[in-house]
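# Fold and contact review
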Amino acid sequence: GLRRKFGNQKEQGWPWVDLLKMYAKGLKTSFDYHLLALDSLDALEMLAGFTNVRRELFDLIHWFRGLDCTLLIVAESSRAPTGDGERAPSYARHKEEYLADGILHLRKARHGDFGVQRQLRVVKMHGTNHEMSYYALLYEDGFQIRPLLA
């Protein structure tokens, strides 16, 4: 919403984080939401021109906690080098996973010879004892989670 509304203002150095906070607070006042999705963290980082990403994200997430809602942040993941030639999943570009109370990993996996399947895994969820396996994420008259078949 904000990017479409003010997207051509990037070159003028608009305070994107302040605009986001103003927009979120105004919506919270007029429409008492309990879930807010920020899609995507990468786009916000680019638009806001963060200079100290970890510090600025820490401050932003701390501010959002004051809104008394669940914040869902969408971020691209990558594969980070492990030192032994392999690449381990990294769930945030700047290692900001520590800021999250929960991390859900959504991936596309090969399914059979020609198919692709969406799979979901709870990587981290504070205060819960959760399964660490991937599950098939299906959409048939709504989303469903099913165990993966071998």
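Residues numbered from 1 in each chain as written. Predicted model: local features only at pLDDT ≥ 70, side-chain atom pairs only at ≥ 80, totals over all residues. Heavy atoms only, no water.

In terms of regular secondary structure, the protein chain is built from four helices and eight strands. When the helices and strands of the protein chain are placed in sequence order, the string is α-α-β-α-α-β-β-β-β-β-β-β. By residue count, 29% of the 150 residues in the protein chain fall in the buried class. Contacts in the protein chain between residues far apart in sequence, at least 24 positions, make up 42% of those at least 6 positions apart. (Helix = DSSP H or I, 4+ residues; strand = E, 2+ residues; numbered from the N terminus. Buried < 20%, exposed > 50% of the residue type's maximum accessible area, 1.4 Å probe, protein only. Contact = heavy atoms within 4.5 Å.)

As a further point, take a nonpolar patch on the surface. A surface patch of nonpolar side chains, amounting to about 260 Å² of accessible area, comprises Leu-35, Leu-72 and Val-74. On the secondary structure map, Leu-72 appears in strand E2 (residues 70–74). (Patch = residues over 30% accessible without salt bridge, like charges linked within 9 Å, V, L, I, M, F, W, Y side chains within 5 Å. Areas by Shrake-Rupley, 256 points an atom, 1.4 Å probe, with all protein chains shown as cover. Salt bridge = Lys/Arg side-chain N within 4 Å of Asp/Glu carboxyl O.)

With respect to the element layout, Glu-96 can be found in the loop between strand E4 (87–90) and strand E5 (102–111). Comment: no salt bridge for buried Glu-96; closest opposite-charge side chain is Arg-54, at 5.7 Å. Beyond its immediate chain neighbours, meaning those up to four positions away, Glu-96 contacts Leu-41, Arg-54 and Leu-57. (Lys, Arg positive; Asp, Glu negative; His and termini not counted.)

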